[in-house]
Amino acid sequence: MIPAAFDYIVPDSLEAAAASLAEAGDNGKVMAGGHSLLPMMKLRLAQPGVVIDLKRLDSLRRIQVDGGTLRIGALVTHHQVETSSEVKDNCALLARVAGSIGDPQVRNRGTIGGSVVHGDPAADWPAALLAMGAELTLTSSGGARSMAAGDFFLGPLTTAIEASEILTGLSVAVPAAGTRAAYRKVKQKASGFAIVGIAVCLQADGDTCTDVGIGVTGLAGTPFRATAVEDQLRGKALTADNITAAAAGVADGVDALDDIHASGEFRAHLARLNTARAIQDALGG
Amino acid sequence: MSNTTTIQVRVNGVSRTEEVQPRLLLVHYLRDVLGLTGTHIGCETSLCGACTVMVDGAAVKSCTLLAVQTDGCEVETIESLATDDGLHPIQEAFWDCHGLQCGFCTPGMIMATRQLLQENPSPSEEEIRHGLEGNICRCTGYKHIVDAVKQAAEQMKAGT
Ligand SMILES: Cc1cc2nc3c(=O)[nH]c(=O)nc-3n(C[C@H](O)[C@H](O)[C@H](O)COP(=O)(O)OP(=O)(O)OC[C@H]3O[C@@H](n4cnc5c(N)ncnc54)[C@H](O)[C@@H]3O)c2cc1C
Ligand code: FES
Ligand code: FES
């Protein structure tokens, strides 16, 4: 399996990368870790004429906490997030999600930005980023803009990024003290991708849920935020019965993916079960 | 389109300058251009880990990397481990513990083990299994591989 021939460009700056991308138009693709793009190119599902490798853009490789915001550059690898003390100390959920991706070799190369832009419906990052209400930053030669993760994912391998744009990074608000979080995933055995993955981030006053974010990946063609489940939990006592009752609605009205790995019905079942379990995990029980 | 790019890579300590097509995969560069056939090709789809090598000290699957992506990098393959004084402790341990049968997965297993022990010199059984998650063996049933990694860890600690 060998990709079709292409021109290879390694820009030295974000401006140069954006200019190359603008010039290449639909014929160009940027490359980060290459762990989704290259498999697609080997299968000739993608045949870019120009590949723009972002590897020299060291400014996109940083993890920073400033004020109450955790910022992660687009080129930060899954392994970097998994092992970063800034992430572990400020937002352990993201480190846990990173550590659940693929295997060590994949985590060494794959980047958070590449995963987000690729938009695989079974990818892990979207669940956590949706649960936490992450903001994404995009740049093109025309300027920069930011966008909520909730508006970014549009369908299988489809996101709101323009062909001329580069994702430079993302940010999340550092969760308030006492926030509890968990990620539950049923893995596809060979790759580690999520058959269903549920990320939960919640706050409680005593045993009353005061706020909650739940991100769901793997279940549908587009990762989504389970707002109906969230609404049902907010203001309620976090008893086992209330949790199960709320989680039971996670797949309602969702067109569940149906493929060789799992039927739609089974995925919906896994989603209900693991939503309840992820909430219990977050509560530490 | 037969455009080429010049890359400079250090492979097992030897500097190389090469004209390559951008689409050349690292594994093909190592095997076909340099003749380092210790790195195996199993699945070609980044799942089996047989092609694992180290790039700048991190284990990667060389079937899912372009040679041009390693321009300026240090690449180490299975051939870098043994010296004139004998096998590397990880190789010794795989031999002693019967960590291989057909041996097809072994170069990748050993390179993945190398990264694992580099990050965690005393892994538990669970950590070993998690650390080798990206490598598939169709022969051994993994038990002897886990034993080999444990022995290698002990020996490498004793040796330092
Ligand atoms: C064997 C295997 C197992 C895997 N298991 C999992 C898993 O369990 N869970 C999971 O979530 N993922 C998994 N992945 C996917 C992996 O996480 C990829 O690394 C990730 O999806 C893509 O990141 P990348 O940096 O490799 O992106 P690339 O492959 O370089 O790029 C992917 C796409 O995004 C675009 N792109 C990349 N970076 C940018 C940017 N900064 N701005 C604009 N566009 C950009 C590219 O043009 C391309 O279209 C697996 C992959 C493999 C090969
Ligand atoms: S040949 Fe590279 S992972 Fe199987
Ligand atoms: S020893 Fe045969 S595949 Fe592992």
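Reading the values: rules and limits
Residues numbered from 1 in each chain as written. Chains lettered and ligands numbered in written order. Predicted model: local features only at pLDDT ≥ 70, side-chain atom pairs only at ≥ 80, totals over all residues. Heavy atoms only, no water. Buried < 20%, exposed > 50% of the residue type's maximum accessible area, 1.4 Å probe, protein only. Helix = DSSP H or I, 4+ residues; strand = E, 2+ residues; numbered from the N terminus. Salt bridge = Lys/Arg side-chain N within 4 Å of Asp/Glu carboxyl O. Pairing = 2+ DSSP bridges. Contact = heavy atoms within 4.5 Å. Axes fitted to C-alpha atoms, helices over the stretch in contact; angles between N-to-C directions.

Enquirer: What's the story with unusual backbone geometry in this structure? I'm lost.
Expert: Note: most peptide bonds trans; most residues except glycine with negative phi. Within the chain, R44 of chain A stands out as a residue other than glycine whose phi angle is a positive 60°. Judged by its relative accessible area of 40%, R44 of chain A is partly exposed. We note that H98 of chain B has phi near 55°; this positive angle belongs to a residue other than glycine. Topologically, H98 of chain B is positioned in the loop between α2 (89-96) and α3 (106-119). You can call H98 of chain B exposed: its relative accessible area is 55%.

Enquirer: Hey, could you run me through the pattern of salt bridges in this one?
Expert: Side-chain pairing between opposite charges can occur once the charged atoms of the two side chains come close. Overall, the coordinates contain 20 salt bridges over all chains when judged by the stated rule. For D66 of chain A, the salt bridge is made with R71 of chain A, and the minimal N-O distance between the two is 2.8 Å. Assessed through its relative accessible area of 36%, D66 of chain A is described here as partly exposed. For R71 of chain A, a relative accessible area of 34% translates into the label partly exposed. One salt bridge connects R114 of chain B with E76 of chain B, and the closest N-O pair in it is separated by 3.3 Å. Of this pair, R114 of chain B sits in helix α3 while E76 of chain B is found in strand β5 (residues 74-76), placing the two residues 38 residues apart along the sequence. With a relative accessible area of 19%, R114 of chain B lands in the buried category.

Enquirer: Would you mind going over the sheet that holds strand β14 (residues 224-225) of chain A with me for this structure?
Expert: Two orientations exist for strands paired in a sheet by backbone hydrogen bonds: parallel and antiparallel. All names here are of chain A. The antiparallel open sheet is built from four strands, whose spatial order is β11-β12-β13-β14. Both edges of this open sheet fall to β11 (180-187) and β14, since each of them pairs with a single strand only. Where β11 and strand β12 (residues 194-205) come together, eight bridges link them in antiparallel fashion. Of the residues in β12, the one forming a bridge with Y183 is A199. Against the sheet, helix α5 (residues 92-99) touches β11 and β12, its axis set at about 15° to β11. Relative to the sheet, helix α12 (residues 264-283) contacts β11, β12 and β13 (208-217), its axis offset from that of β12 by approximately 35°.

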